[in-house]
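# Breakdown of the fold
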Amino acid sequence: SYFIKTFIARASMLWGTNALILDWSGEYTPWVKNARGTVVDFSEGTTLNILDCRPAQSANSYPATPAAHTERVINAVSVVCGLSKNPLALMHIKNAIKKSYSQFKISLNKPISRKLKKLPTLQTVHGILKKEPKGQGVDSAIFALEKLCTQNSPFISARSTLNLQTLTNCGLASLNLSKSPLNSG
């Protein structure tokens, strides 16, 4: 832990690199604050729409299509929700994500315009799944997303309040996930 903190600090100071730390236990929060970095605490109402794949405003950004982004989200959901051994649940979630983009009249095969304001959220996907006929994989898919979509913890399922571009270009930043629903028992 000390080695990593020292390496990140030196890289930031010497080379001007940016570091985004996923802090599962909250141990980096005081250190990042002392280093005049940015700390985002998801327990304080910060939200991130994981279905938002609009390109960053920089010229170097590569715009992902919703179809490509859906694959990334499915990979993340598989790991975070423990669905790697449940391909049927993942298939239902993937289809619901695609359906959610369609409901917002967003093409799956074209990058989304930065100007677009209304986007589907994980809550949209959860709602679509709840309307599906119950059966193989659907119940598991609904259950997996329940924890991420509750009213008390919409940190990755609601409209974004977090500007990722600013966060990834601010030097040293920490996402404190210690009180997020992903980190509970």
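The rules behind the values
Residues numbered from 1 in each chain as written. Predicted model: local features only at pLDDT ≥ 70, side-chain atom pairs only at ≥ 80, totals over all residues. Heavy atoms only, no water. Helix = DSSP H or I, 4+ residues; strand = E, 2+ residues; numbered from the N terminus. Buried < 20%, exposed > 50% of the residue type's maximum accessible area, 1.4 Å probe, protein only. Contact = heavy atoms within 4.5 Å. Pairing = 2+ DSSP bridges. Axes fitted to C-alpha atoms, helices over the stretch in contact; angles between N-to-C directions.

What follows concerns the environment of Thr124. Considering the arrangement of structural elements, one finds Thr124 in helix 5 (residues 122-131). Residue Thr124 is classed as buried on the basis of its relative accessible area of 18%. Measuring from C-alpha to C-alpha, the distance between Thr124 and Gln103 comes to 9.4 Å, with 21 residues separating the pair along the chain. Aside from chain neighbours lying at most four places away, what touches Thr124 is Ser100, Gln103 and Phe104.

In spatial order, the strands read 1-3-2; together these 3 strands make up an open sheet with parallel pairing. Every interior strand has two partners, whereas the edge strands, strand 1 (19-23) and strand 2 (38-41), have only one. The mean angle between the axes of side-by-side strands here comes to 15°, regardless of whether they run parallel or antiparallel. Relative to strand 3 (residues 172-176), strand 1 is paired through 5 bridges, and the arrangement is parallel. Pairing of Leu22 across the sheet is with Leu175, part of strand 3.

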